[in-house]
Amino acid sequence: MSWLHDFSFGPVTRIVFGVGKAKEAGSIAKGLNGTAALVMTDGVLHRLGLTQTIEASLKEAGVRVEVFPGVVTEPTLASVEAAVAMYKERDCDIIVAVGGGSSMDSAKAVSLLVGNGGTFQEYTQRRTGANWAPAKVASKKGPDVITVPTTAGTGAEATAGCGVFDPESGIKLWAGGPHVRPTVALCDPALTTSMPPKVTADTGFDALSQGIEGVLTLPVNPYADTLLMKAIEAIGQNLSKAFANGQNMEARAAMLGAATMVGTSFGFTGLIHVHTFAEVLGDLTHLPHGRLIGLMLPHVLEWVAPACPEKLTAIARALGENVDGLSLTQGADRCLAAIHRLRDETEVNEPLSSHGMSEEAVQTCAERVFAQHAPRSNAGPRSFRSLDEVVALLRRAY
């Protein structure tokens, strides 16, 4: 690596990490001058009582609590607008998101709209052609957002973006910028132990893929790459353990720490084609994002391998593979083998067709991927050159 490349890193979300740290939500909110918190979560987590510790801590610190339990699995424009209305009606001045990526993305979207006005669509990337610039930029910071993740994978607790589904167009819209980044990520591994094995696997592969994709992008960022490689190592050592035993606190902590490191970092490197496919597939199938990531990951890596064997060999080593004395091609093969092994251990190895995806959907997905992402795919080690190439790659997972 040459240090002659230009790069930047920061600002980043403040991370507060540790078992039992959820009890500090009140003091953190108070330190941000919060007096009335909109606690955003989904109905299931609220009924299970996963927000109780956070609510009690806020109240003990003298922060009024208003609960919005209307977050849906895929945040919609309507659910975000309802939360914005509640924030204003109840005179809140800080937002606390408790849950997975949906709760955290919803909270960031609410903050964006409260601080800048207008509609969410105005701030979203156009996702066609080479210029994805939105009609409006979030030029003002909205109310502070404290994210409290209950899953380990999306990294949304620390990212500067948020996705909201538009039922009318059938597309998930994405908005972002420095002012969208949460103020504090309050990461308590104890809150992730309730994740069932399937969610553990799906979110874990999301974090793993973000880490790998960030390393494989062409821009050089030694600060981000260092965190991403450390996260890849932690996931390789702990994902299968967390899947096998959800009460393994060491594994849960490692997975949450890795996901947060990835979320902190990949915004400074970008991602490549695994997320490209997963985003479009998600719009078409509504399968969990992390599941789609896991199903596409090895096929995309096999496709880009000839262009980046050095990086894949380094990733193989981070995943625990012995690559000493191997050629770069052999090292890249070890990386693919490690990922296939993780998929088998966590049962993320079925074909897309097993989820009822049709031949027509394969073609539609490929057409959307090529139309929306081909002009920007040269940020990765290998770019899309034709629609047929995209179709062929998608069929590997089908």
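Basis of the calculations
- Residues numbered from 1 in each chain as written.
- Predicted model: local features only at pLDDT ≥ 70, side-chain atom pairs only at ≥ 80, totals over all residues.
- Heavy atoms only, no water.
- Helix = DSSP H or I, 4+ residues; strand = E, 2+ residues; numbered from the N terminus.
- Rg over C-alpha atoms; globule rule 2.2 N^0.38 Å.
- Buried < 20%, exposed > 50% of the residue type's maximum accessible area, 1.4 Å probe, protein only.
- Contact = heavy atoms within 4.5 Å.
- Areas by Shrake-Rupley, 256 points an atom, 1.4 Å probe, with all protein chains shown as cover.
- Lys, Arg positive; Asp, Glu negative; His and termini not counted.
- Charge placed at Lys NZ, Arg CZ, Asp CG, Glu CD.
- Pairing = 2+ DSSP bridges.
- Axes fitted to C-alpha atoms, helices over the stretch in contact; angles between N-to-C directions.
- Patch = residues over 30% accessible without salt bridge, like charges linked within 9 Å, V, L, I, M, F, W, Y side chains within 5 Å.
- Salt bridge = Lys/Arg side-chain N within 4 Å of Asp/Glu carboxyl O.
- 1 Å grid on protein atoms, 1.4 Å probe; cavity = no way out; pocket = protein on both sides within 12 Å on 5 of 7 lines; lining within 4 Å.
- Points joined across faces, edges and corners; volume = space filled by probe spheres on them.
- Nonpolar A, V, L, I, M, F, W, Y, C, P; charged D, E, K, R; others polar.

**Concerning the overall build of the chain**
So, step 1. A count of helices and strands for the chain gives 14 helices and eight strands.
So, step 2. Relative to the 2.2 N^0.38 estimate, which gives 21 Å for 398 residues, the radius of gyration of the chain is 20 Å and therefore close to what a compact globule would have.
So, step 3. Projected onto the principal axes, the alpha-carbon positions of the chain cover approximately 60 × 50 × 45 Å.
So, step 4. Counting every position in the chain, which comprises 398 residues, the buried fraction comes to 57%.
So, step 5. In the chain, of all internal contacts separated by at least 6 residues, the share reaching a separation of at least 24 is 77%.
So, step 6. With the model as given, the accessible surface of the chain reaches about 15,900 Å², and the carbon-plus-sulfur share is 53%.
So, step 7. Across the chain, the 33 positively charged side chains and the 40 negatively charged ones have centroids separated by 3 Å.

**Digging into the sheet that holds strand β5 (residues 145-149)**
The strands making up a sheet associate through hydrogen bonds between their backbones, and the pairing can be parallel or antiparallel.
So, step 1. Taking strand neighbours across the sheet as the criterion, the six strands line up as β1-β8-β5-β4-β2-β3 in an open arrangement whose pairing is parallel. In this open sheet, the two strands that pair with only one neighbour each are β1 (14-17) and β3 (64-71). Neighbouring strand axes in the sheet, compared pairwise and without regard to direction, differ in orientation by 20° on average.
So, step 2. Of the pairings in the sheet, the one linking β5 to strand β8 (residues 184-187) comprises two bridges and is parallel in character.

**A closer look at unusual backbone geometry**
So, step 1. Look at the link from Gly 10 to Pro 11: it is a cis peptide, with omega at 0°.
So, step 2. With respect to the helices and strands, Pro 11 occurs in the segment before β1.
So, step 3. With a phi close to 55°, Asp 91 is a non-glycine residue in the positive phi region.
So, step 4. Here Asp 91 is to be found in the loop between α4 (77-89) and β4 (94-99).
So, step 5. Assessed through its relative accessible area of 58%, Asp 91 is described here as exposed.
So, step 6. Unusually for a residue other than glycine, His 286 sits at a positive phi of about 60°.
So, step 7. Following the sequence through the fold, His 286 ends up in the loop between α9 (273-285) and α10 (289-304).

**Quick notes on a nonpolar patch on the surface**
So, step 1. On the surface, Met 1, Trp 3, Phe 7 and Tyr 223 cluster together to form a nonpolar patch covering roughly 500 Å² of accessible area.
So, step 2. Within the element layout of this structure, Tyr 223 appears in helix α7 (residues 222-244).
So, step 3. Residue classification places Tyr 223 among the partly exposed residues on the basis of a relative accessible area of 48%.

**Topic: the pairing of strand β6 (residues 161-166)**
So, step 1. Among the six residues that make up β6, six are buried, leaving the element largely enclosed by the rest of the structure.
So, step 2. Strand direction decides the pairing type here: β6 and strand β7 (residues 171-176), joined by six bridges, are antiparallel. Residue pairing for β7: Val 164 is matched across the bridge by Leu 173.
So, step 3. Counting the residues between successive antiparallel strands, the hairpin from β6 to β7 contains four residues, one of them, Gly 170, with a positive phi of roughly 75°.

**Here we look at the environment of Gly 18**
So, step 1. By the secondary structure assignment, Gly 18 is in the loop between β1 and α1 (25-31).
So, step 2. In this structure, the C-alpha to C-alpha distance between Gly 18 and Gly 257, residues 239 residues apart in sequence, is 9.3 Å.

**A word on empty space enclosed by the protein**
So, step 1. Using the criterion set out here, one finds two cavities of 30 Å³ or more in the structure.
So, step 2. If you add up the space inside the second largest cavity, you get close to 40 Å³.
So, step 3. Looking at the second largest cavity, the residues that line it are Ala 152, Met 195, Thr 200, Ala 242, Arg 252 and Met 255.

**Some words on the layout of surface pockets**
So, step 1. Counted as a void, the second largest pocket has a volume near 190 Å³.
So, step 2. Forming the walls of the second largest pocket are Met 1, Ser 2, His 5, Val 215, Pro 219, Val 220, Asp 225, Met 229, Lys 311 and Ala 314.
So, step 3. At the level of secondary structure, the elements contributing two or more residues to the lining of the second largest pocket comprise α7 and α11 (309-318).
So, step 4. Considered class by class, the residues forming the lining of the second largest pocket number six nonpolar, two polar and two charged.

Function cannot be inferred from these measures alone, as they are strictly geometric.
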